[in-house]
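# Observations on the model geometry
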Amino acid sequence: MTAVVKTRPGVGHVQLQSVPEPQCGPGQVKIEVAYSGICGTDLHVYHDRFPNYPPVILGHEFSGIVAEIGPGVDSVRPGDRVTVLPASAVICGRCEYCRQGFYMFCPKRRGMGHGVNGSFTRYVVVREDQVYALPEGVSLEEGALAEPFASAVQAIEEMGEFRNGDVVLISGPGPIGLLCLLLLKSRAKVIVAGAASDSARLALAARLGADITVNVAEEDLLAVVDRQTHGRGVDVAVECAGTAESVRNCLRAAGKLGAYIQLGIAGTELTVPFDLVLYKQLRVWGSVGYSVRTWRRVMEILRQRKLNLTPLISHKLPLSRWREGFQLCETKQGVKVLLYYDEA
Ligand SMILES: [Zn+2]
Ligand SMILES: [Zn+2]
């Protein structure tokens, strides 16, 4: 089979190449990948801005069909439609975080697509506990969004910060920001802010139900926030871009006694007006990935069919055109780009 592989450390060194098919051992499930989304993390691995362990197959947001089950597996069967919790591919299973399902913090952790082989290929093999059956009515395309959706669900539903009637700023209209918007739009007034290059994504935010979209290159975001909140500032600012400008905007837009949630990854140190945390007495949260509890909630939200994630899918491309897909994400012309396997 072929796969998109980071072949050696450094910037770039990603190519389509032939790899051996993985074998399915005891307690493992072999999955034929249906759709695999390109994530900002894949771009970071390409540019070597995120820890990676080459040679490694990229990709970690995916759905597929169970092809084979190893001895001892009883929760899924061949033919089942599934998605996978990819962050816990390697864990110790014994530390206090693992025991609580907070795998993100396990010191031994390695995730799929950078720590171990990922999903930009035909077959993957994972542990049974990583596999989640897709609820009836959830397409394989939508199933491939379960992983980024889980990151949004942890931030929006599990930090306990959001209430009906809130005014919320989402800064950064990438897939995670837009998934946060879907979760919030029915209960909050949502302002979505983006940079000049985000115009296509801001237009999608408006179609998805954002109350106000702001291109910060053209409009004064803080003036908009002032108008929308009668000078009080937003109840919660959700940072989803990971840039200094976005962090500054969020800290400035947040109202006194408000909250700030960090979802974006900067990958470097930023210069920001951090005193505002003190002067406004903000509650500051970080949200990284998700826990097992989050995934239970994600599956229940998908089962309820009240939210539709599919409008975020802007492109579906064969794996052999992965470079084009990466480019669409890099230039922000695409929102969520899905790859599907083809024999190149
Ligand atoms: Zn991702
Ligand atoms: Zn652990």
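Keep in mind that what you see is a predicted model, and the values were worked out from it rather than measured. (Residues numbered from 1 in each chain as written. Chains lettered and ligands numbered in written order. Predicted model: local features only at pLDDT ≥ 70, side-chain atom pairs only at ≥ 80, totals over all residues.)

### As for the overall build of the protein
Secondary structure assignment for the protein yields eleven helices and 16 strands. The globule rule puts the C-alpha radius of gyration for 344 residues at 20 Å, and the 20 Å found for the protein is close to it. Each principal axis of the C-alpha distribution contributes one length, and for the protein these read about 60 × 35 × 35 Å. Within the protein, the proportion of its 344 residues that are buried is 46%. Taking as baseline every contact in the protein between residues at least 6 positions apart, the subset at least 24 positions apart corresponds to 67%. (Helix = DSSP H or I, 4+ residues; strand = E, 2+ residues; numbered from the N terminus. Rg over C-alpha atoms; globule rule 2.2 N^0.38 Å. Buried ≥ 20, exposed ≤ 12 C-beta atoms within 10 Å, placed from the backbone. Contact = placed C-beta atoms within 7 Å.)

### A few points about the packing of helix α5 (residues 175-184) against helix α6 (residues 199-208)
As a packed pair, α5 and α6 sit with axes 10 Å apart at the nearest point and diverge in direction by 15 degrees. Between α5 and α6, the angle falls in the class roughly parallel. With respect to the hand of their crossing, α5 and α6 are arranged in right-handed fashion. Residue-level inspection shows Leu-178, Leu-181 and Leu-182 of α5 in contact with α6, the latter providing Leu-204, Ala-205 and Leu-208. (Axes fitted to C-alpha atoms, helices over the stretch in contact; angles between N-to-C directions. Parallel < 35°, antiparallel > 145°, perpendicular 65-115°, else oblique. Left-handed = near helix turned anticlockwise from the far one by under 90°.)

### Side note on helix α11 (residues 322-330)
Among all positions in α11, only Trp-322, Gly-325, Phe-326 and Cys-329 are buried. Buried residues of α11, seen end-on, are gathered within an arc of 100 degrees and therefore sit on one face of the element. Tucked into the core, α11 has its buried residues touching β1 (2-6), β2 (14-18), α1 (40-46), β15 (313-318) and β16 (336-340). Backbone geometry just after α11 places Lys-332 at a positive phi near 65 degrees. (Arc of directions from axis to C-beta.)

### Focus: the pairing of strand β5 (residues 61-69)
Here strand β3 (residues 28-37) pairs with β5 via eight bridges, running antiparallel. For Ile-31, the partnering residue across the bridge sits in β5 and is Val-66. Sheet topology note: the β5/strand β6 (residues 81-84) ladder contains three bridges and is antiparallel. Bridge pairing in β6 places Ser-63 opposite Thr-83. (Pairing = 2+ DSSP bridges.)

### As for the sheet that holds strand β10 (residues 188-194)
An order of β11-β10-β9-β12-β13-β14 is seen for the six strands of this open sheet, with the pairing classed as parallel. Two strands close off the open sheet at either side, each with one partner strand: β11 (212-215) and β14 (283-286). Sheet twist, expressed as the mean angle between neighbouring strand axes with direction ignored, is 20 degrees. Pairing geometry for strand β12 (residues 234-239) and strand β13 (residues 254-262), over five bridges, is parallel.

### Quick word on the packing of helix α4 (residues 146-157) against α5
Two elements in contact, α4 and α5, have axes separated by 9 Å at closest approach and are oriented at 50 degrees. Viewed along their axes, α4 and α5 adopt a mutual orientation that is oblique. Seen along the crossing, α4 lies across α5 with a hand that is right-handed. Every residue of α5 that contacts α4 at Pro-148, Phe-149, Ser-151, Ala-152, Val-153, Ala-155, Ile-156 and Glu-157 is listed here: Pro-175, Ile-176, Leu-179, Cys-180, Leu-183 and Leu-184. Per-class residue counts for the contact of α4 with α5 are twelve nonpolar, one polar and one charged. (Nonpolar A, V, L, I, M, F, W, Y, C, P; charged D, E, K, R; others polar.)

### Regarding the pairing of β1
Looking along a regular strand, one sees the side chains alternate between the two faces of the sheet. Counting buried positions along β1 gives four out of five residues, so the element sits mostly inside the fold. Pairing of β1 with β2, which is carried by five bridges, proceeds in the antiparallel orientation. Looking at the pairing, Val-5 lines up with Gln-15 of β2. In this sheet, strand β4 (residues 56-57) lies alongside β1 in antiparallel orientation, the contact comprising two bridges. When the sheet's bridge partners are listed, Lys-6 is paired in β4 with Val-56.

### Examining the nonpolar core
Within the largest apolar cluster, 102 residues are counted, with the highest numbers of intra-cluster contacts made by Val-168, Leu-169, Cys-180, Leu-181 and Val-238. Structurally, this core is a two-domain feature, drawing no fewer than three residues from each of domain 1 (2-150 + 290-340) and domain 2 (160-286). (Core = buried A, V, L, I, M, F, W, Y, C linked by C-beta atoms within 7 Å. Domains from an automatic or database assignment.)

### Brief notes about the sheet that holds β4
Think of a sheet as strands paired side by side through backbone hydrogen bonds, with each pair either parallel or antiparallel. Ordered in space as β2-β1-β4, the three strands form an open sheet in which the pairing is antiparallel. Each of the sheet's edge strands pairs with one partner strand only, and the pair in question is β2 and β4.

### Re the domain arrangement of the protein
What the domain assignment reports for the protein is domain 1 (2-150 + 290-340) and domain 2 (160-286). Contacts between the two partners involve 13 residues from domain 1 and, on the opposite side, 13 residues from domain 2. Where the side of domain 1 that touches domain 2 is concerned, the elements lending two or more residues are α1 and α4. For the side of domain 1 that touches domain 2, the per-class residue count stands at seven nonpolar, three polar and three charged.

### Some points on helix α8 (residues 244-253)
Regarding α8, the residues found buried are Ser-246, Val-247, Asn-249, Cys-250, Leu-251 and Ala-253. Against β9 (166-171), β10, α7 (221-229), β12, β13 and α9 (275-279) lie the buried residues of α8.

### Digging into unusual backbone geometry
With an omega of 0 degrees, the peptide bond running from Pro-54 to Pro-55 counts as cis. Tracing the backbone through its elements, the reader meets Pro-55 in the loop between α1 and β4. One non-glycine residue, Asp-48, adopts positive backbone phi at about 65 degrees. For Asp-48, the location among the structural elements is in the loop between α1 and β4.

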